[in-house]
Amino acid sequence: MTETSKSPDENQEEHIPAMQSLLDNPFLLLFLGVAMPAVFYIVWGIMEIVTIPVAP
Amino acid sequence: MTSFMPPADRFWWKVPVGRQEIVWILIALTWCLIMFFMMPYWHIYGKQNLSNEAYQTTPAKFGAKVQEGIDQNKVGEEAGLPIIHPPAGSDVYMLARLWQWWPILELEKNKTYRLHLSSMDWQHGFSVQPININMQVVPGYEMVLTVTPDQAGEYGVVCNEYCGIGHHTMVGKIYVKE
Amino acid sequence: MAQFRTCPDTGLYFHKSAESLIKANAVAAAVALLVAGILALLVVLTRWQAVHLLPADQFYMALTAHGIDALIFWIIFFEMAVLYVASSTLLRCRLATPAWGWVQFLLMLIGAVMTNVAIFQGSSSVMMTSYVPMQAAPHFYLGLILFAVGALIGCFIFFGTLVVAKQEKTYDGSIPLVTFGAVTAAIIAVFTIASGAIILIPTFLWSIGYIAHIDAEMYRVVWWGLGHSSQQINVAAHVAIWYLIAGLVFGARPMSEKVSRTAYLLYILFLQLACAHHILVDPGISSEWKVFNTSYAMYLAVLASLIHGLTVPGSIEVAQRGKGFNNGLFEWLRKAPWENPVFSSMFISLVVFGFLGGITGVVMGTEQINLIIHNTIYVPAHFHATVAVGTTMAFMGVTYFLIPVLFRRQMILPGLAKIQPYLFGGGMTIMVLFMLGAGTLGVSRRHWDMDFTGAALGFDYPGMAYTLMGIGAFGGVIGVLGGGAFLLITVGSLVFGKKLEPSAGLLQSFGLPLAASCYSNQRPETLPRAAPLPVEGHGSSSFEAPGTFVLAMVLLVSFIVYYFINWKYLASVWPLS
């Protein structure tokens, strides 16, 4: 493990690319990772079941 | 040694990606899209698809329809189970229960039938062997398969969803006549 | 005051409380693996029709316990250890709320024991899936609920530790890639456990009579949000371990942080949609839902796996070439440390997961192809390639690394340890291949008797099905021996291995911290960023890892051929619409 000099870019935090800030934010990722399957798999799936017609 | 250390570059997102990775990602993405489009393609051009036609039902309601089918189309018996020979193109009802597929079907080759399946009790698996067609049979739901047996012969209907101690004795029959 | 010790061999920092929790969870995982392995032998010897060891009731009981102990308890206990390593140890950070860590451990332990008791009492042989309306004893569900609550607490301790590490600036820059992989696993775990809560709590209430009816189809959809996602936690976790082992053994650095992390992002967004693979031949769910979800939104999560499949071995190749193994396409691979079980376990995990687990998973998860595969023994063959080889061997590999580092014991039986990965991996691969074949012939999963003894109407499988099941079972027996060897070596090392520090006694192997003198109150140095690469390495326009590229193309071609073979097979069955 190597020694690095104190980063000169500490004051440039605001220049971090948007995608990198997304990937550095575990809670935003947590929200996305739960919302996606909750909507597309669970909610949509339950709607499919609920709308199955009753047998004639 | 960096997989367990922070990236060397503070702005690692801006580090250019090597040509090898880009080429591989493009090849892999192409393959993924081909696989994706195969499913809609098969819905249009393929012959083995599910219509997903289904109804909410109850064991009593579905059982009555099965009995009606037996009353109208019964042609014989085998091992205590009725054999029915429904007219081509008609609605055919078959139920799953511990541990039977009821009744036995006699179908004609290359004729199309609307096969209705449901369970009277637990979940079962409708597995036609040796042709190897497999469906989930769920209590409370009536599934409709539009099926055209195109090979004559004797087929076993094996239950392939675990349904208790007698699971392995749950075998039904479908005869496909020339 | 948080106390840390430094591993003299690796320089890793262990927070005292985290260290004990890692050990406790890892040991609990090993116990679950032991139980699962013994049951595996019984299951395998029963499905070997010529042996047909257990009677039907005991077979279904053993199969239920095997599934739950292997797929849930072994894996998730170990994943708790992985989460603590990836947060506290790798980030040099104190574990957030260690007391809650013990709540996590105890709840999971009580839950695991309770569910096992329910199963072995005999009234809960309902399989891992416990499909309603088949009913298990109430404490079967309650145990699973407690276990899940414990695991959820573990996930939040992990996220809490990330917050602490960021606040206390224990690392410089972004979290390491391995920790990012663990973040992915933890996110998937939260969704998994939430789905489990939504369905298992009502099911528990139904089992004690408070709720009259659980809809069977609703149960299936929501339960698979638990059942399949729990296996996606494994994928995220074992890919992280591949990266970790590549770094530990070879000093490999990710070829591109951007590519690897984006691949993980695709997992976070899309991998869990794959739960829909289980619902493809269910009544009444539309093809739109099926196609969107089973393709994980156009196979973007498969793309992610294909990316990891290139970048993990690719990073090893680059590191090996840097050391001078530059001859031809594959000298880097030939000269890899094949006798080091840390590496060989990881590499077998990678290859079998990709070639067998990954390809079969995508094939049978295709909406229409599932018609010829659903509930056949092809399905367990697939997930034994992904979980029993992919995940389990990655975890075995990292365990070999942790025995000296974490438990401070020298490994016993080094000769056996050299061959153990080949024994386990080889046996399981044989089992998987032949079970895939038997599944293609229509042999059912979860089925006691392929002779259908006692059935009113018979059916005869072709003789070949019996042969394939027999050879597969033989492979399974070898796999169980390999698994037994793993437990013998690891647990044996904890008990009999040479102590690497005078204070590393037996209890220290099972969760107690080492002697006080090993720890210091001094805060670890901030984890620095990795050393920068020489400039020419970045964004190279040449192929840095040509051997890996060739291997990746071999995988892709096998994938394409096998995929279309299955469409051809599907085209031969009765027309359906």
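Provided above is the structure to which this section pertains.
Cut-offs applied
- Residues numbered from 1 in each chain as written.
- Chains lettered and ligands numbered in written order.
- Predicted model: local features only at pLDDT ≥ 70, side-chain atom pairs only at ≥ 80, totals over all residues.
- Heavy atoms only, no water.
- Helix = DSSP H or I, 4+ residues; strand = E, 2+ residues; numbered from the N terminus.
- Rg over C-alpha atoms; globule rule 2.2 N^0.38 Å.
- Buried < 20%, exposed > 50% of the residue type's maximum accessible area, 1.4 Å probe, protein only.
- Areas by Shrake-Rupley, 256 points an atom, 1.4 Å probe, with all protein chains shown as cover.
- Lys, Arg positive; Asp, Glu negative; His and termini not counted.
- Charge placed at Lys NZ, Arg CZ, Asp CG, Glu CD.
- Salt bridge = Lys/Arg side-chain N within 4 Å of Asp/Glu carboxyl O.
- Expected span 1.5 Å × (residues − 1).
- Pairing = 2+ DSSP bridges.
- Axes fitted to C-alpha atoms, helices over the stretch in contact; angles between N-to-C directions.
- Contact = heavy atoms within 4.5 Å.
- Polar contact = N/O pair within 3.5 Å; in protein donor to acceptor, adjacent residues only side chain to side chain.
- Nonpolar A, V, L, I, M, F, W, Y, C, P; charged D, E, K, R; others polar.

Draft legend 1. Just the overall build of chain C, in detail. In terms of helices and strands, chain C carries 17 helices and two strands. Over its C-alpha trace chain C gives a radius of gyration of 23 Å, about what one expects of a compact globule, namely 25 Å for 577 residues. Each of the three principal axes of chain C carries a C-alpha extent, and together these read 75 × 55 × 45 Å. Expressed as a percentage of the 577 residues in chain C, the buried residues total 67%. Total accessible area computed for chain C in this model is approximately 17,700 Å², and 71% of it derives from carbon and sulfur atoms. Positive and negative side-chain charges of chain C, numbering 27 and 23 respectively, have mean locations separated by a distance of 10 Å.

Draft legend 2. Expanded view of unusual backbone geometry. Cis geometry marks the peptide bond from Leu98 of chain B to Trp99 of chain B; its omega dihedral reads -10 degrees. The residue Trp99 of chain B is located in the loop between β4 (91-97) and β5 (100-102) in this model. A cis amide bond links Trp102 of chain B with the next residue in sequence, Pro103 of chain B, at an omega value of -5 degrees. Tracing the backbone shows Pro103 of chain B in the loop between β5 and β6 (104-108). Positive phi, normally seen in glycine, also occurs at Asn110 of chain B, with a value near 65 degrees. The exposure class assigned to Asn110 of chain B is partly exposed, which follows from its relative accessible area of 48%. A positive phi is found at Ser130 of chain C, a non-glycine position, where the angle reads about 40 degrees.

Draft legend 3. Molecular detail of the pattern of salt bridges. Summed over all chains, the structure comprises 19 salt bridges over all chains. Here Glu257 of chain C makes a salt bridge to Arg261 of chain C, at a shortest N to O gap of 2.9 Å. With Glu257 of chain C and Arg261 of chain C both in helix α8 (residues 257-270) and four residues apart, the pair spans about one turn of that helix. Overall, the relative accessible area of 11% leaves Glu257 of chain C in the buried class. One salt bridge in this structure joins Arg321 of chain C and Glu317 of chain C, with 2.8 Å as the shortest N-O distance. Here Arg321 of chain C pairs with Glu317 of chain C, and both are found in helix α10 (residues 296-322), just four residues apart, close to one helical turn. The exposure class of Glu317 of chain C is buried, given its relative accessible area of 0%. Linked through salt bridges whose partners overlap, the residues forming this network are Glu53, Asp91 and Arg114 of chain B.

Draft legend 4. Helix α7 (residues 229-250) of chain C, seen in detail. Between its terminal C-alpha atoms α7 of chain C stretches 31 Å, which fits the 32 Å expected from 22 residues at 1.5 Å a residue. Following α7 of chain C by one or two positions, Gly251 of chain C has its phi on the positive side, about 65 degrees.

Draft legend 5. Focus on the sheet that holds β5 of chain B. All names here are of chain B. Spatially, five strands are ordered β1-β10-β7-β4-β5 in an open sheet, and the strand pairing comes out mixed. Each having just a single partner strand, β1 (54-56) and β5 make up the two edges of the open sheet. Put simply, the sheet's adjacent strands are angled 20 degrees from each other on average, direction ignored. Sheet analysis places β4 next to strand β7 (residues 113-119), joined by six bridges and oriented parallel. Bridging across to β7, Leu95 finds its partner in Ser118.

Draft legend 6. Quick peek at α8 of chain C. With 14 residues, α8 of chain C ought to run about 20 Å at 1.5 Å a step, and its terminal C-alpha atoms sit 20 Å apart, in line with that. Summarising burial for α8 of chain C: twelve of the 14 residues are buried, a large majority. Among all positions in α8 of chain C, only Glu257, Val259, Ser260, Arg261, Ala263, Tyr264, Leu265, Leu266, Tyr267, Ile268, Leu269 and Phe270 of chain C are buried. Where the residues of α8 of chain C are buried, they touch α1 (18-23) and α2 (26-50) of chain A, α1 (19-45) of chain B together with α5 (177-207), α7 and α10 of chain C.

Draft legend 7. Inspection of the interface of chain B and chain A at higher detail. Opposite the 16 residues of chain B that make contact, chain A presents 19 residues. On the surface where chain B and chain A come into contact, there are zero salt bridges. Here chain B is connected to chain A by seven residue pairs in polar contact (both at pLDDT 80 or more). Going through the elements one at a time, β1, α2 (59-73) and β10 (141-147) of chain B are the ones with two or more residues in the side of chain B that touches chain A. Looking at side-chain class alone, the side of chain B that touches chain A contains nine nonpolar, two polar and five charged residues.

Draft legend 8. Just the side chain of Gln49 of chain C, in detail. Residues and elements named next belong to chain C. When you line up the elements, Gln49 lands in the loop between α1 (16-47) and α2 (56-89). Classification of Gln49 by relative accessible area gives buried; the value is 15%. Engagement of the side chain of Gln49 in a polar contact is seen with the side chain of Asp449, the distance being 2.7 Å. Other than its neighbours up to four places away in sequence, Gln49 contacts Trp448, Asp449, Met450, Asp451 and Tyr466.

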